[in-house]
Amino acid sequence: MKGSARAENCCAWREEQGLVGLHRVCMLRWATCSSLPQVYKGLDIITNKVSPQEQRLCRHHMISFVDPLVSNYTVVDFRDKAVALIEDIFARDKIPIVVGGTNYYIESLLWKVLVNTKEKSSLVSGTVTDRKVELEQLDAVDLHRRLSQVDPEMAAKLHPNDKRKVARSLQVFEETGIPHSEILQQQQEEEGGGPLGGPLKYPHSCILWLHADQAALDQRLDQRVDDMLAAGLLEELRDFHQRYNQEKVTENRQDYQHGIFQSIGFKEFHEYLVSEGNCSPETSALLLQKGIQALKQVSKRYARRQNKWVRNRFLKRPGPNVPPVYGLEVSDLLRWEDDVLKPALEIVESFIQGRKPPVEPVKMECDVNENKRSRRVCELCSRVIIGDREWAAHTQSKAHLHHLKRKKLEAAGHAAETVRDSRSAETPGKGSSMPLS
């Protein structure tokens, strides 16, 4: 582990020299880094891949081995290849270090949380044969209606607009004949399972969570984008666009939701890339700045989601089968040796030797009564809300409170109008006549 402000490869294994001893230890660590597209060939700068020089210091895996035009590479493909590598590393008495990034993919290695469906014929570029991708092309309402018919329990837990998850649940049913909710329930009921999935697969795991003050992290992420530009980001984007995306744009079939094209930093420059050479220099410069600012914003947003995932899916994960998470403060890089490197080495050494580490892991209380899949409909805002926490946040949101205030004002107005109408009926107006007795 070396001190660096750069992001590390999210889907790479580093092998440590030295024997594991009596323990099969799987080390995991998080920094703010790029997402899954590092498995694809190309876009080395935008996905912040580990440099060849760094790779020579320690053997790396799972980098640049998928063709850029493959769009049906999934978390199951990743897990299957990664697990085989981990077992091979263990067999050679070495320690696999998972460096992340895409926390959902790392979670798939630690716990039994995925569902195996029928095997793909192959990962090939060109025509997409993945059933999930085909289902995602359908209308969201129709997609959710289909799932409600075959798996009403799962449909009730998923937001109708979450096409990816709805399509996946439909795919599971179509390819296994078993409702997705039933398979997940079986996983949770296995020994060591819990509300979020099946049992832990590697009991002797240790997680190192590199976290920083938000202001320091935001500044570092902005600087990272500037460094990417200086390293040749625009040239990389132009070349990749011309080779792999220009024809798709011309035919209006570009897809920024699958494969490497979903990389943070590529779609943000779409307007700049497609208009370059077809607009004035002033307009091109404005579109470039728009793309740069969008990249900085989405990078900071992604970093927040990463930290939220670690807190909710690891630190607050219910049940005993959760690896210890050790927090390492990286706000001040000048203190890297004292705050990060030395403590990390002590923790790792203790785990290898079977001793209790000198520092305590991070603890967060989880709400055992919280239902992450509860379904509520806010009639006021015409929205479906999934999850207790999301509902609480929605009821305190500006939009909801605005609608609530407007409804109260409308109700007060109707009440006042009703009172006026009632009084008018009771008191004759000017010019009215009274019946003669």
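An unreviewed UniProt entry lists the chain under the name tRNA dimethylallyltransferase, from Meleagris gallopavo. Entered under Sequence similarities (unreviewed entry) in the UniProt record, the comment concerning the chain runs "Belongs to the IPP transferase family." The annotation that UniProt attaches to the chain under Catalytic activity (unreviewed entry) is "adenosine(37) in tRNA + dimethylallyl diphosphate = N(6)-dimethylallyladenosine(37) in tRNA + diphosphate".

Colleague: Which parts of the structure should I look at to understand the confidence of the model for the chain?
Modeller: It should be kept in mind that the predicted coordinates are not to be read in detail where pLDDT is low. Per-residue confidence for the chain gives a mean pLDDT of 82; residues scoring 70 or more make up 85%. Averaged pLDDT values over the elements of the chain bottom out at 53 in strand β1 (residues 12–16) and peak at 96 in helix α9 (residues 214–230). Below a pLDDT of 50 lies the segment residues 1–12, which in the model reaches 59 contacts outside its immediate sequence neighbourhood of four places, other chains included. The model gives residues 30–35 a pLDDT under 50, and that stretch makes 41 contacts with residues more than four places away or in other chains.

Colleague: Looking at this model, I keep getting lost on the packing of aromatic side chains. Mind explaining?
Modeller: Each aromatic ring pair is described using two quantities: the centre-to-centre distance and the angle formed by the ring planes. Tallying each qualifying case throughout the model produces 12 aromatic pairs. A network of ring pairs unites the aromatic residues Phe78, Tyr104, Tyr105 and Trp309 as a single cluster. The ring of Phe65 has Lys81 sitting right over it, with the charged end atom 5.0 Å from the ring centre.

Colleague: Sorry, what's going on with the pattern of salt bridges here?
Modeller: Taken as a whole and judged by the stated rule, the model has 23 salt bridges. A salt bridge links Glu174 to Arg131, with the nearest nitrogen and oxygen atoms 2.7 Å apart. Linking Glu174 in helix α7 (residues 163–176) with Arg131 in helix α4 (residues 131–136), this pair joins segments that are 43 residues apart in sequence. On the basis of relative accessibility, which here comes to 41%, the residue Glu174 falls in the partly exposed class. According to the relative accessible area criterion, Arg131 is partly exposed, its value standing at 27%. With a closest N to O distance of 3.1 Å, Asp239 and Arg243 form a salt bridge. With Asp239 and Arg243 both in helix α10 (residues 233–250), this residue pair falls four residues apart, about one helical turn. The network of salt bridges with shared partners includes Glu107, Arg313 and Arg317.

Colleague: Which parts of the structure should I look at to understand the packing of helix α5 (residues 140–150) against α7?
Modeller: A pair of packed helices is captured by two measures, namely the crossing angle of their axes and the spacing between those axes. Packing of α5 against α7 leaves a shortest axis separation of 10 Å and a crossing angle of 40 degrees. Here α7 runs oblique to α5, going by the angle between their axes. Pair α5 / α7 crosses with left-handed handedness. Across from Ala140, Leu143, His144, Arg146, Leu147 and Val150 in α5, the residues of α7 making contact are Lys163, Val166, Ala167, Ser169, Leu170 and Phe173. Per-class residue counts for the contact of α5 with α7 are eight nonpolar, two polar and two charged.

Criteria and cut-off values
Residues numbered from 1 in each chain as written. Predicted model: local features only at pLDDT ≥ 70, side-chain atom pairs only at ≥ 80, totals over all residues. Heavy atoms only, no water. UniProt positions renumbered as here; feature names shortened; annotations may be inferred. pLDDT = per-residue confidence, 0-100. Helix = DSSP H or I, 4+ residues; strand = E, 2+ residues; numbered from the N terminus. Contact = heavy atoms within 4.5 Å. Phe/Tyr/Trp six-rings, centres within 6.5 Å; stacked < 30°, edge-to-face > 60°. Lys NZ or Arg CZ within 6 Å of the ring centre and 35° of its normal. Salt bridge = Lys/Arg side-chain N within 4 Å of Asp/Glu carboxyl O. Buried < 20%, exposed > 50% of the residue type's maximum accessible area, 1.4 Å probe, protein only. Axes fitted to C-alpha atoms, helices over the stretch in contact; angles between N-to-C directions. Parallel < 35°, antiparallel > 145°, perpendicular 65-115°, else oblique. Left-handed = near helix turned anticlockwise from the far one by under 90°. Nonpolar A, V, L, I, M, F, W, Y, C, P; charged D, E, K, R; others polar.

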